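# Structure at a glance
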Amino acid sequence: MPMSLLLIIQLAVGATILRVLLIILGSILIGWFLAYASIKSPIFENIYIPVISSLESVPVITFFPVVLVIFVTRIGGAMGSELASDFLILTAVAWNIWIAQYQAFKTVPKELQEVAINHELGFFSKMRRLYMPFSIPKIAANLFPSFADGLFYITVSEVFSIGTKTFSVFGIGSIIPALLASGDIYYMWVAMLTLAIWVALFTFFFRYIARFSVAKYGLDTAAPIRRGGKVNIMHTYQAWNTLTGPMKKLSKHFTSPFRALPTKGSFGRKWMALSSSKKYITIGTFLLVFIMLLAKIGLYVVSVPLSYWRYLVSYTPVIIYGMAFDYVRVVIIAFISLVIAIFVGYYLAVHQRAAVTVFPVIQIVSAFPAPVYFPLVFAATFGYMYAVFPMSSEIYVLLLGFISTFYYVFYSFWMGVQTVPSEFWEIMENHELGFFTRMRRIILPATFPYLIAGLSSTIDSAWGGLMIGEYWPDIIKGKTLEVQVGLMKMLDVFTYQGKIGPAAWASLLFAIVVTIFSLFFTKKLMTMAREKYVIEEGVYAA
């Protein structure tokens with residue numbers, strides 16, 4: 001039995017990691033097309049950005065009503081449970097990647113876009129030679145956060161309860177709770193150690209991808225950055241006509257800058273006409289599906305008795321009150337994450353020796369699923385904490401929210417610093433700019449697009465940590481972690497009690513507020529980043 005249990009643990013870890021990686025890969029492929037559609041269609045953009053921002057803010061657990069109706073009830077069986085688990089993991093890993101891809105496509109320098117337009121590159125050529133390469137550093141910056149977020153939620157995605165029913169799939173997220181419940185502490189530690197080893201291996205792998213993507217696809221960057229901000233001499237004196245990244249890929253398409261532009265022949269006109277017809281067919285199909293979906297929703301809404309709607313509406317004041325408390329918690333978490341990202345992220349970006357030691361530790365800790373080890377931290381500290389700090393529940397919840405989301409803005413800023421073109425590092429060195437002057441005049445403006453993408457994901461994802469921490473029954477035997485007021489606590493309680501209606505109503509109100517937030521924060525700041533803070537355009541301005 002011990003050997004078979006050890007084998008099961010190894011297979012479970014492999015199944016979980018493979019499940020997360022495949023979903024991340026699928027998210028990247030889908031995100032490229034969604035990002036392109038958003039920059040080409042203002043109508044689609046105005047719908048797409050609020051929707052993904054809203055969905056990113058909605059914690060994984062609040063998707064349980066959708067999971068119950070679509071996957072568990074309609075499909076059922078092992079396939080239904082597997083699809084439900086995959087869907088829940090998708091809701092944890094996809095949104096920040098999609099936001100990063102949109103932000104990358106939105107901030108492609110105008111000069112590169114003009115080259116693509118002048119040479120009449122088609123859709124797939126523009127995607128392959130311009131948009132995809134330009135987005136790779138930003139995708140790389142979000143690979144590890146998505147991997148960490150996917151693992152963070154495995155304990156609620158691979159085994160989840162709705163009311164009195166429990167559904168699970170094979171994976172370490174379902175094995176560890178089972179070992180803990182059966183009292184097999186030794187094998188639980190074996191499972192955690194196995195997971196930690198694999199997390200460490202992927203930490204180094206993702207770090208390699210991040211640095212490789214900056215060096216290969218960054219626009220005239222100084223990667224690798226030397227200690228104290230000194231740049232690599234070989235990169236510093238590269239000629240302007242051999243810029244790295246997307247421009248180099250575009251330049252390979254042509255043999256001479258004086259080469260005649262291709263002309264549109266009859267085949268080109270037919271292709272353009274065919275492309276337009278396909279556009280109309282695609283738009284018509286999406287509209288038809290959307291109308292059918294709205295019709296189904298309308299029929300369902302009409303079928304609900306008016307008395308039940310009154311019952312749901314009666315929860316509204318309490319929901320708004322709890323939401324206000326939670327937004328205060330999110331602001332605190334985001335502010336602390338931003339401060340740490342700016343100071344620690346910059347230090348590690350320009351001090352490679354320190355980064356080699358510190359960065360893997362940060363990555364391993366942030367990638368290891370907090371819900372797995374947090375009960376052990378709570379058990380070791382709650383006696384002292386509650387004796388000294390009466391509001392210890394709030395401290396635990398803020399801590400859980402922080403460790404579940406700080407890495408979004410941290411990795412984004414760290415990657416943004418490394419993509420600063422070498423010419424700007426030369427200017428900072430030549431003028432002997434101090435730290436705060438560098439930050440105010442160059443680093444923060446240069447990394448603004450990265451900061452906005454990372455900070456948006458941090459704010460939107462902090463709700464997941466609050467969702468788990470605000471109401472955690474039996475976190476250790478005989479002890480429950482909970483706060484007095486909070487929307488996430490309400491959703492937890494509704495879910496555990498099987499009250500799908502009130503949970504769905506609270507989620508709907510929450511989604512409306514998040515949508516408004518995304519319109520006035522995420523979209524506007526990303527537009528500002530596109531208009532004022534694309535530092536790569538400074539290369540051409542020179």
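Nothing here was measured: the structure is a model prediction, and the numbers come from that model. (Residues numbered from 1 in each chain as written. Predicted model: local features only at pLDDT ≥ 70, side-chain atom pairs only at ≥ 80, totals over all residues. Heavy atoms only, no water.)

This brings us to the overall build of the chain. Each helix and strand counted, the chain has 24 helices and four strands in total. Scored against the burial criterion, the 542 residues of the chain give a buried share of 52%. For the chain, restricting intrachain contacts to residue pairs at least 6 apart in sequence, the fraction spanning at least 24 positions comes to 81%. Of the roughly 25,500 Å² of accessible surface on the chain, 71% is carried by carbon and sulfur atoms. (Helix = DSSP H or I, 4+ residues; strand = E, 2+ residues; numbered from the N terminus. Buried < 20%, exposed > 50% of the residue type's maximum accessible area, 1.4 Å probe, protein only. Contact = heavy atoms within 4.5 Å. Areas by Shrake-Rupley, 256 points an atom, 1.4 Å probe, with all protein chains shown as cover.)

The next point concerns a nonpolar patch on the surface. A cluster of nonpolar side chains, contributed by Val 328, Ile 332, Phe 335, Ile 336, Val 339, Phe 343, Val 344 and Phe 436, occupies part of the molecular surface with about 730 Å² of accessible area. The leading source of residues in the nonpolar patch is helix 14 (residues 316-350), at seven residues. The topology assignment puts Val 344 in helix 14. According to the relative accessible area criterion, Val 344 is partly exposed, its value standing at 31%. (Patch = residues over 30% accessible without salt bridge, like charges linked within 9 Å, V, L, I, M, F, W, Y side chains within 5 Å. Salt bridge = Lys/Arg side-chain N within 4 Å of Asp/Glu carboxyl O.)

The next point concerns unusual backbone geometry. Phi is positive for Glu 432, which is not a glycine, with a value near 50 degrees. Tracing the backbone shows Glu 432 in the loop between helix 19 (422-430) and helix 20 (435-446). Take Glu 432: its relative accessible area is 71%, and that puts it in the exposed class.

All right, on to the pairing of strand 4 (residues 479-482) then. The two faces of the sheet receive side chains in turn, since in a regular strand these alternate between them. The sheet contact formed by strand 3 (residues 471-476) and strand 4 spans three bridges and is antiparallel. Of the residues in strand 4, the one forming a bridge with Tyr 471 is Glu 482. The hairpin turn running from strand 3 into strand 4, its antiparallel successor, is two residues long, and Gly 478 in that turn takes a positive phi close to 80 degrees. (Pairing = 2+ DSSP bridges.)

So, on to the packing of helix 14 against helix 20. Packing of helix 14 against helix 20 brings their axes to within 13 Å, and their N-to-C directions diverge by 95 degrees. Taken together, the axis directions place helix 14 and helix 20 in an arrangement best described as roughly perpendicular. Mapping the contact onto sequence places Ile 342, Phe 343 and Tyr 346 in helix 14 and Phe 435, Phe 436, Arg 438, Met 439, Ile 443 and Leu 444 in helix 20. (Axes fitted to C-alpha atoms, helices over the stretch in contact; angles between N-to-C directions. Parallel < 35°, antiparallel > 145°, perpendicular 65-115°, else oblique.)

The next thing to look at is the packing of helix 21 (residues 448-469) against helix 22 (residues 487-496). Orientation of helix 21 relative to helix 22, taken along the N-to-C sense of each, is 55 degrees, at an axis distance of 8 Å. For the element pair helix 21 / helix 22, the angle class is oblique. Crossing handedness for the pair helix 21 and helix 22: right-handed. Residue-level inspection shows Trp 463, Leu 466, Met 467 and Ile 468 of helix 21 in contact with helix 22, the latter providing Met 488, Leu 491 and Asp 492. Tallied by class, the residues present in the contact of helix 21 with helix 22 amount to six nonpolar, no polar and one charged. (Left-handed = near helix turned anticlockwise from the far one by under 90°. Nonpolar A, V, L, I, M, F, W, Y, C, P; charged D, E, K, R; others polar.)

This part takes up helix 17 (residues 392-403). Compared with the 16 Å implied by 1.5 Å per residue over twelve residues, the 17 Å span of helix 17 between its first and last C-alpha is a close match. Looking only at helix 17, the buried set comprises Ser 392, Ser 393, Tyr 396, Val 397, Leu 400, Gly 401, Phe 402 and Ile 403. (Expected span 1.5 Å × (residues − 1).)

What follows deals with the nonpolar core. Ranked by internal contacts, the top residues of the largest apolar core, which has 133 residues, are Ile 9, Ile 172, Ile 319, Phe 413 and Ile 443. The greatest single-element share of this core, amounting to 13 residues, is contributed by helix 6 (residues 123-152). With residues near it in sequence (within four places) discarded, Ile 9 still touches Ile 172, Ile 175, Leu 179, Tyr 187, Val 190, Ala 191 and Thr 194. (Core = buried A, V, L, I, M, F, W, Y, C linked by side-chain atoms within 4.5 Å.)

As enumerated under the stated definition, the model contains 27 aromatic pairs in all. Ring centres of Phe 105 and Tyr 131 lie 5.0 Å apart, and the angle between their planes is 35 degrees; on these two criteria the pair is classed as tilted. Linking Phe 105 in helix 4 (residues 77-106) with Tyr 131 in helix 6, this pair joins segments that are 26 residues apart in sequence. In this pair, the class of Phe 105 matches that of Tyr 131, namely buried. Their ring planes at 35 degrees and their centres at 6.4 Å tell us that Trp 198 and Phe 202 sit as a pair that is tilted. Residue Trp 198 and its partner Phe 202 are located together in helix 9 (residues 185-217), separated by four residues, close to a single helical turn. (Phe/Tyr/Trp six-rings, centres within 6.5 Å; stacked < 30°, edge-to-face > 60°.)

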